[in-house]
Amino acid sequence: MAATSQKRSGTTDLTVGKPLFQILRFALPLVLGTLFQQLYSFADTVIVGRCLGTDALGAVGTTYSLNFLILGFVQGACVGFGIPAAETFGAKDKDGLQKYLLNGALLCLVLSVVFTVLTTLMAGPLLRLIHTPEELYTDAVLYIRLIFLGIPATVLYNYASSVLRALGDSRHPFYFLLVASVVNILLDYLFIVPLGMGVDGAAIATVLSQLLSGGLCAYWFFARTAKLEGLSFRQLRTLLSARHCRRLAYIGLPMGFEYSVSAIGAVIMQDAINLLGSTAVAAQTAGEKIRQMFTLPMESIGMAMATYVGQNHGARRTDRIRQGIKDGCMVQLLYCAVAWGVIFFIKPYAVGLVLGDADPAVTAGAIQYLSVMSMLFCFHGLLMIFRNTLQGLGYSVLAIVSGVGELIGRSLGGVLAVKTSLGYLGICLSNPFAWGLAMFYCLFMVCRILRRETQTEA
């Protein structure tokens, strides 16, 4: 594809150039995007915690595991639908690319309808199942139902941004996410403070901002990227393909299941937190929001690896994949060390910003949560490299097993919290247990697959 087209449409061929430079350049907009997204989430937490109180904050926090379970599946599937697009883009197969993009959109439509209906109906019973504290239940149901009604907006953004990234464009999804994050914060404040809404205001603001970012990504793709890359979707009959749908489902749905299997562990962990009481719920919610600000950039590096590996796998460049893994691990470990140092100094101030003059027990719990988690960030960073490499190679089914590892790790932490004297410390250790088990499995499988592919190429 012409260099001019690549420059004007924002697409990038990751099969050429130095792997470290290409990964960092591609990942930078993803990292900035997640940072701004988490700044929004952090601002949302501050607004809810300070304007509506710790009970409202706990109500939003207790829905996190269900959010992770349902929206994690949606996000994982949409990212997975972009992997075949990245492979065909790397292989310079325009016809195959068009077919994957259109059939992926069809699968997303089905996904949106099915998940919106089922999750909206099941929100209340699911919250009861995980023993949501009675004083938090009403607000939690209101919040999560509105979030689930916005699943089509979530699908639109995740698929549209995944398509742009598959074609090597990570910049424009970042720009659109930045705009949506600013709008989200403004709407949060507008709905909660001047209009006097409760947690429903926070949920509506989130859905509207996702709809905005998804609409902008879709507009850019059709207005610029598709035209400049010579993509056309007019002859629907020739583009609709059961074979391409099966391939998309084979890669995308297991990625969604892998997120959800992992999230089942989060649901079990949330059940344990709920049994420890509303103080533990509020402390873990505050600590988790701050933790996510530091670990989501690691996930962005992982997303960059999935696209990088997908394009190079399509181009049959195993040597570049190996070097990319080494460079990605180095970047993650360096980042983990810096993140630990920053958290060490700022955790009391960050927790104070979120909670204000809250119960000292809640504040102490949030600080303990951050202290334990930050020392073990390396497991999460390396997991993002090896898991996304597996997915970029097209082995999403194998990645499901890594989700099982996370399920076991989080379940173990929940059991230790409730059944032993560890108590809240068990909750603090749940995610690191999960990351470590999943990471070692993915490391083993990546080494095995690359060894086999190297032998095949030879």
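Anyway, here's the lowdown on the structure attached to this text. (Residues numbered from 1 in each chain as written. Predicted model: local features only at pLDDT ≥ 70, side-chain atom pairs only at ≥ 80, totals over all residues. Heavy atoms only, no water.)

1. Quick word on helix H6 (residues 134–149)
Counted at 1.5 Å a residue, the expected span for H6 with its 16 residues is 22 Å, and the 23 Å between its end C-alpha atoms agrees. Most pronounced at Ala140, the bend in H6 amounts to some 30°. (Helix = DSSP H or I, 4+ residues; strand = E, 2+ residues; numbered from the N terminus. Expected span 1.5 Å × (residues − 1). Bend = angle between axes of the 7 residues up to and from the residue.)

2. Quick look at the side chain of Thr389
Considering the arrangement of structural elements, one finds Thr389 in helix H15 (residues 377–392). Assessed through its relative accessible area of 0%, Thr389 is described here as buried. Beyond its immediate stretch of four places on either side in the chain, Thr389 contacts Met305, Val309, Ile325 and Val446. (Buried < 20%, exposed > 50% of the residue type's maximum accessible area, 1.4 Å probe, protein only. Contact = heavy atoms within 4.5 Å.)

3. A look at empty space enclosed by the protein
All chains considered together, the criterion is met by two cavities of 30 Å³ or more. Considering only enclosed or pocket space, the second largest cavity measures out at about 90 Å³ in volume. Along its surface, the second largest cavity is lined by Val79, Gly82, Ile83, Ala86, Ser162, Arg165, Ala166, Met303, Ala306 and Thr307. Sorting the residues of the lining of the second largest cavity by element identifies helix H4 (64–90), helix H7 (151–166) and helix H12 (278–314) as the ones contributing at least two each. (1 Å grid on protein atoms, 1.4 Å probe; cavity = no way out; pocket = protein on both sides within 12 Å on 5 of 7 lines; lining within 4 Å. Points joined across faces, edges and corners; volume = space filled by probe spheres on them.)

4. Comments concerning the pattern of salt bridges
With the rule as written, the count across this model stands at six salt bridges. For Arg247, the salt bridge goes to Glu87, with nearest N and O atoms at 2.8 Å. Taken together, the positions of Arg247 in helix H11 (residues 242–276) and Glu87 in helix H4 put the pair 160 residues apart, joining distant regions of the chain. What makes Arg247 partly exposed here is its relative accessible area of 27%. For Asp319, the salt bridge goes to Arg317, with nearest N and O atoms at 3.0 Å. On the accessibility criterion, Arg317 (31% relative accessible area) is partly exposed. One connected set of salt bridges, linked through shared partners, spans Arg387, Glu406 and Arg410. (Salt bridge = Lys/Arg side-chain N within 4 Å of Asp/Glu carboxyl O.)

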